[in-house]
Amino acid sequence: MTSSQVISAEAKQVLITNDRGGYTVPTEGLYPYQWNWDSAVAALGFAQFDVDRAWVEIETLFQGQWDDGMVPHILFHKSDPGYFPGPDVWGCLGPIPSSGIIQPPIAATMARLIWAQDEEAGRARIAALYPKMLKWHSWIMRWRLHRGAVCTTHPWETGRDNAPDWDNTMQRMDASDVGEYTRRDTQHVDSADRPTKFDYDRYVKLVQIGRRLKWDQAAMLAESPFRVADPTMTFTTLRAARDLRTVGQALGADTAILEADIKRLEAGAATLWNPALGSYDSRDVLSGEWAGCVSNASYLCWFAGVENKDMLARLRAVMERVTYPVPSNDTGAESFDARRYWRGPTWAIVNMLIGMGLADMGHVDEANTLAKKTGDLIAEHGFAAYFDPFTGSAAGGGTFTWTAAVWLAWAGGN
Ligand code: DGY
């Protein structure tokens, strides 16, 4: 076996080990449940060696869909005391105990890619998923738009928990009455790689607010102190709308609504362009303030089918300057921290989404370079959650499902 085949065998084993029967945990210990976007990536990984299991992953995720269409960010299939905040803290009443927030809606994109690998047999599977995926998309369009950009109501929704994008908003929040709680994450991994207590208090406070409002979106819109239009949610939702349109057309469905949604989301994406920063950025819709952050999510424009020459020039410069791109924060920013979660480290999953977008939009050299560098990173440093962008050293601990899936589906072929 070549070394690449050895790593592929290991990657496959990571997925199999983290499989809990119908769903996959992001990693043993730290994340013991089904996480929404991790799961979508896991499905794409499974599709490389077991396409039936790939479909099951997404089908299980949609079993947790709420009546109103929302698909939660965590499904607590069976309780695990090693994670906080668990189902008792969220107080949600979906078909499966869950959190009350979402995550970037990449399931539709992954389902479409899986279908491309399983055209005939997969038709019935995607036809059954399509109305559910559409219902979730419509829920986002109904509740989360601001000037066409998609807003997040909790840093965890974006997946980019402690990104500097939320610093100003979090500073303004009062969490003095959050009460006592015990973090579990820092019992699994080094606290220097994780969000601070200041951030965690606010994450928990936002959960308490959502619960008090019974996760009623209209009430949260009126009362929650956290609503930020962000590149992760906006670009992934726009991409999902395009993929749903493609799937809908192939199934013979009327896709006029999606057509209109795509236009609204394209206009929304344009509102995330911060001219002073020269980048896609997050904006707090309550204060109107820009975050002033060039994150790895800023480069998801191509994934959404949005071309931007300035972002391309910026990406090329980052790929020259940084050993293992794409860092989750501008390396020159004051808030840059090479190891702390979303404040600097490189994430293979975001690289894959950026790379897929680059390839789709004809930037094949950049896409190949990014896939190659990501492949080297994983080959040299393992299936970590995230990596120091300069040294490549693994951070966040664990053997991560989505890093293994990224190897199998995208970075391992180089
Ligand atoms: C956590 O608990 O750290 C997660 O990122 C929330 O989704």
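Structural data are supplied above this passage.
Everything quoted here is computed from the prediction, not taken from an experiment.

About the cut-offs
Residues numbered from 1 in each chain as written. Predicted model: local features only at pLDDT ≥ 70, side-chain atom pairs only at ≥ 80, totals over all residues. Heavy atoms only, no water. Pairing = 2+ DSSP bridges. Helix = DSSP H or I, 4+ residues; strand = E, 2+ residues; numbered from the N terminus. Buried < 20%, exposed > 50% of the residue type's maximum accessible area, 1.4 Å probe, protein only. Near = heavy atom within 4 Å. Polar contact = N/O pair within 3.5 Å; in protein donor to acceptor, adjacent residues only side chain to side chain. Areas by Shrake-Rupley, 256 points an atom, 1.4 Å probe, with all protein chains shown as cover. 1 Å grid on protein atoms, 1.4 Å probe; cavity = no way out; pocket = protein on both sides within 12 Å on 5 of 7 lines; lining within 4 Å. Sits in = over half its atoms within 2 Å of the grid points. Nonpolar A, V, L, I, M, F, W, Y, C, P; charged D, E, K, R; others polar. Core = buried A, V, L, I, M, F, W, Y, C linked by side-chain atoms within 4.5 Å. Contact = heavy atoms within 4.5 Å. Phe/Tyr/Trp six-rings, centres within 6.5 Å; stacked < 30°, edge-to-face > 60°. Lys, Arg positive; Asp, Glu negative; His and termini not counted. Salt bridge = Lys/Arg side-chain N within 4 Å of Asp/Glu carboxyl O.

Trainee: Could you clarify how one ought to interpret the sheet that holds strand E4 (residues 149-152) in this entry?
Mentor: Sheet strands pair via backbone hydrogen bonds, and the direction of the pair is either parallel or antiparallel. Spatially, E3-E4-E5-E8 is the arrangement adopted by the 4 strands of the open sheet, whose pairing is antiparallel. Taken across any chain shown, the strands that pair with only one partner, and hence form the sheet edges, are strand E3 (145-146) and strand E8 (283-284). Across 2 bridges, the pairing between E3 and E4 is antiparallel. Considered in E4, the bridge of His-146 is made with Ala-149.

Trainee: Can you help me understand the side chain of Ser-279 in this one?
Mentor: Assignment of secondary structure puts Ser-279 in strand E7 (residues 279-280). Owing to a relative accessible area of 0%, Ser-279 belongs among the buried residues under this scheme.

Trainee: Explain the site of the ligand to me, please; I cannot follow it from the model alone.
Mentor: Every residue lining the ligand is accounted for by Tyr-31, Trp-35, His-73, Tyr-83, Trp-156, Asp-161, Arg-194, Tyr-200 and Tyr-341. A distance of 2.7 Å separates an oxygen atom of the ligand from a polar side-chain atom of His-73. Taking Tyr-83, its side chain carries an N or O atom lying 2.5 Å from an oxygen atom of the ligand. Contact with the protein chains covers 96% of the free accessible surface of the ligand, which is 230 Å². Cavity membership is defined here by more than half of the atoms lying within 2 Å of grid points; on that basis the ligand lies in the largest cavity. Looking at the shell around the ligand residue by residue, the class counts come to 6 nonpolar, 1 polar and 2 charged.

Trainee: Please clarify how unusual backbone geometry should be interpreted in this entry.
Mentor: Most peptide bonds adopt trans geometry, and most residues besides glycine take a negative phi value. Across the junction of Phe-84 and Pro-85, the peptide omega takes the value 0°, indicating a cis bond. For Pro-85, the location among the structural elements is in the loop between strand E2 (74-75) and helix H4 (87-90). Residue Val-326 follows Pro-325 across a cis peptide bond; omega there is 5°. Of note, Val-326 is situated in the loop between helix H13 (309-321) and helix H14 (348-360). A positive phi angle, close to 55°, is found at Lys-214, a residue other than glycine.

Trainee: Explain the nonpolar core to me, please; I cannot follow it from the model alone.
Mentor: Nonpolar side chains in soluble globular proteins tend to be buried together. Within the largest apolar cluster, 135 residues are counted, with the highest numbers of intra-cluster contacts made by Ile-349 and Leu-353. Looking at this core, the element that brings in the most residues is helix H6 (residues 122-143), giving 9 residues. Setting aside residues up to four positions removed in sequence, Ile-349 forms contacts with Trp-37, Val-41, Ile-106, Trp-402 and Val-406.

Trainee: Teacher, can you tell me more about the packing of aromatic side chains here?
Mentor: The way to describe two aromatic rings as a pair is by their centre distance and the angle between their planes. Counted according to the given criterion, the structure contains 26 aromatic pairs. Ring centres 5.9 Å apart and planes at 85° place the aromatic pair Tyr-33 and Tyr-83 in the edge-to-face group. Taken as a pair, Tyr-33 in the loop between helix H1 (3-18) and strand E1 (34-35) and Tyr-83 in the loop between E2 and H4 lie far apart in primary sequence, 50 residues in all. The burial state of Tyr-33 is the same as that of Tyr-83; both residues are buried.

Trainee: Explain the side chain of Asp-388 to me, please; I cannot follow it from the model alone.
Mentor: Structurally, the position occupied by Asp-388 is in the loop between strand E9 (386-387) and strand E10 (394-395). Here Asp-388 occupies a buried position and makes no salt bridge, while the nearest side chain of opposite charge, Arg-339, is found at 5.4 Å. Apart from the residues within four sequence positions on either side, Asp-388 is in contact with Tyr-324, Ala-338, Arg-339 and Ser-393.

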